[in-house]
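# Structural overview for review
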Amino acid sequence: MSKSDPTPTNDLENNLESLHAELRALIASSRQRLSSTVNAELSRLYWTVGRRLSTDLLSGERARYGAQLMQGLGEKLAREFGRGFEVKNLRRMVQFVQAFPDVEIVASLMRQLSWTHFLQLLPVKVEAARWYYAQQCVVECWSVRELRRQIERKGFERSELADTPMPPVSGEVISSAIFKDPYFLDFLGLSQGYDEADLEAAILLQLQAFILELGRGFAFVERKKRMVIDGEDFHLDLLFFHRRLRRLVAIELKLGRFKASHKGQMELYLRWLDKHERQSGEEAPIGLILCAESCREQIELLQTHKDGIAVAEYWTELPPKAELERKLHTALVEARERLARREVLVGGEKSN
C-alpha cells in the first residue's frame, strides 16, 4: 500500500465526521419540532384555561365575584403547578381568549407563534392591528424582539397608511404591502442642515438598519446607479432587489416636498431599468420616492401607483409617542377621505 493511499483509519475518521454532521442535523431538527410542539401545546392550554375562566367565573352575574374567586384559584394552581398559573397570568389567559376568540383561527397561529409572541400582541387594542402583527410574524418569521419593535414603531398604522392611497387597479404593479408611510430614519443621527448627499451617505453607513426599516425581502444592489440616456449621465440614488416579488426597487431621496417632476424622473429610471437591467424571470421594476414632506393631493392626481411608483415621507427625528400617534391618525383619516372621494368618482364614471 502506498503512502498516498487512504488508510482504514482515515476512512473511519471521514465517515465519523459525516455521521456526526448527519446526527447533529437530525437532533437539531427534532429539537426544533419538539419546541414548536411544546409551544403550540402550551398556548393551547392557556387558551383553554382562559376560556374556562371566562365562561365559568367571569360571565353574567358571576363576573361580580368571579375576580375574587380567581384570586384564590390562582393561589392554589400556583402552589401545584408553579408561578405560571398565578392570578396575574390567569388574567393574561383570559385576555388571550378575548383577543383571539376563534379557536380554529388561533389554532393555526399557535403552530407558528410562541406564547411570548402572544403576550406582545395582547396589549394591542385594535383588532385589525393585532391580526396584522400576528400574520406578519408568520409570514416574515419575526422574532419576539422584532415584533416588539414593529409595534413600538407603529408598523400597522404606517402599513395601512401606505396601503390606503393605492386601491386595486387593473394592471397595477405595486404591491403596497411592501411599503410604509412614513419611514422612520431616526437611526441615521443626522444633524440640522444635511443635504441629499449626507442623507445617502448616512443610509449607506447604517445600511443594515435601513434595510430593516424597509422590511423583509429587500437586498441592496447599488448606489448611484449610472444610466446613460442620450449621451447624458443620470444617477439613481439607491437600487434594491425584492426577493419575494422578484423585482428591482429604485429609491430616490428628496430633501424637500414632493414635486410632480419627481414622478417623471422616476418613470425614466424605471423604463431604463426595465430595458437594461431586468433579468429573465423578474417582474417589472417599481420605484419609491422618499421625501421630507409628501403632497397627498398631487400624488392622488398623478396616480403614481398606476406607474409602479410609491411616494412616502421619511422622518429623521421621531416626535413623542402621543404626537406620533396623533400625526399618524390624522394622516390616516385624511387618506381614507381621499380614497372615499376617489371611489365616488370612479363609481360615477362607470355609471355614465
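Residues numbered from 1 in each chain as written. Predicted model: local features only at pLDDT ≥ 70, side-chain atom pairs only at ≥ 80, totals over all residues. Heavy atoms only, no water.

This paragraph deals with the overall build of the protein chain. When its secondary structure is counted, the protein chain shows 13 helices and 6 strands. Out of the 352 residues belonging to the protein chain, those deemed buried represent 39%. Sequence-distant contacts, at least 24 apart, represent 59% of the contacts inside the protein chain between residues at least 6 apart. (Helix = DSSP H or I, 4+ residues; strand = E, 2+ residues; numbered from the N terminus. Buried < 20%, exposed > 50% of the residue type's maximum accessible area, 1.4 Å probe, protein only. Contact = heavy atoms within 4.5 Å.)

With that settled, consider the nonpolar core. Counting residues in each nonpolar core, the largest one holds 34 residues, and the members touching the most others are Phe96, Phe100, Phe118, Leu121 and Tyr133. Only α1 (8–56), α3 (87–99), α4 (103–110), α5 (115–121) and α6 (127–140) provide two or more residues apiece to this core. Counting residues per element, this core draws most heavily on α3, at 7 residues. Contact partners of phenylalanine 100, with chain neighbours within four places excluded, come to Trp47, Val106, Leu109, Phe118, Leu121, Arg130 and Trp131. (Core = buried A, V, L, I, M, F, W, Y, C linked by side-chain atoms within 4.5 Å.)

Here we come to unusual backbone geometry. Despite not being glycine, lysine 224 has its phi angle at roughly 50 degrees, a positive value. Assessed through its relative accessible area of 37%, lysine 224 is described here as partly exposed. You will see that aspartate 230, though not glycine, has its phi angle at about 55 degrees, which is positive. Among the secondary structure elements, aspartate 230 is positioned in the loop between β2 (218–229) and β3 (232–242). You can call aspartate 230 exposed: its relative accessible area is 82%.

Once that is clear, we can look at a nonpolar patch on the surface. A cluster of nonpolar side chains, namely Leu16, Leu19, Leu23, Leu26 and Ile27, defines an oily patch on the protein surface of about 480 Å² accessible area. With respect to the secondary-structure elements, leucine 19 resides in helix α1. Here leucine 19 falls in the partly exposed class, since its relative accessible area comes to 42%. (Patch = residues over 30% accessible without salt bridge, like charges linked within 9 Å, V, L, I, M, F, W, Y side chains within 5 Å. Areas by Shrake-Rupley, 256 points an atom, 1.4 Å probe, with all protein chains shown as cover. Salt bridge = Lys/Arg side-chain N within 4 Å of Asp/Glu carboxyl O.)

What follows covers the pattern of salt bridges. Counting across every chain of the model gives 13 salt bridges. The partner of lysine 225 in a salt bridge is glutamate 277, and the shortest N-O contact between them spans 3.0 Å. Taken together, the positions of lysine 225 in strand β2 and glutamate 277 in the loop between α11 (260–276) and β5 (286–293) put the pair 52 residues apart, joining distant regions of the chain. Since its relative accessible area comes to 9%, lysine 225 is described here as buried. Exposure remark for glutamate 277: the relative accessible area of 24% places this residue in the partly exposed category. Salt bridges linked by common partners bring Glu222, Lys225 and Glu277 together as one network.

Tallying each qualifying case throughout the model produces 12 aromatic pairs. Taken together, a centroid distance of 5.9 Å and an interplanar angle of 70 degrees make the contact between phenylalanine 96 and phenylalanine 100 edge-to-face. Taking the relative accessible area as the measure of exposure, phenylalanine 100 reaches 0% and is therefore buried. Ring geometry for phenylalanine 220 against phenylalanine 240: centres 5.5 Å apart, planes inclined by 70 degrees, an arrangement best described as edge-to-face. Residue phenylalanine 220 is located in strand β2, and its partner phenylalanine 240 is located in strand β3; the two are separated by 20 residues in the primary sequence. The class of phenylalanine 220 is partly exposed, set by a relative accessible area of 31%. The class for phenylalanine 240 is buried, based on a relative accessible area of 0%. Here a set of aromatic residues connected by ring pairs shows up, and it is made of Tyr46, Phe81, Phe85, Phe96, Phe100, Trp115, Phe118 and Trp131. Geometry around phenylalanine 100 places arginine 130 over its ring, the cationic atom sitting 6.0 Å from the centre. (Phe/Tyr/Trp six-rings, centres within 6.5 Å; stacked < 30°, edge-to-face > 60°. Lys NZ or Arg CZ within 6 Å of the ring centre and 35° of its normal.)

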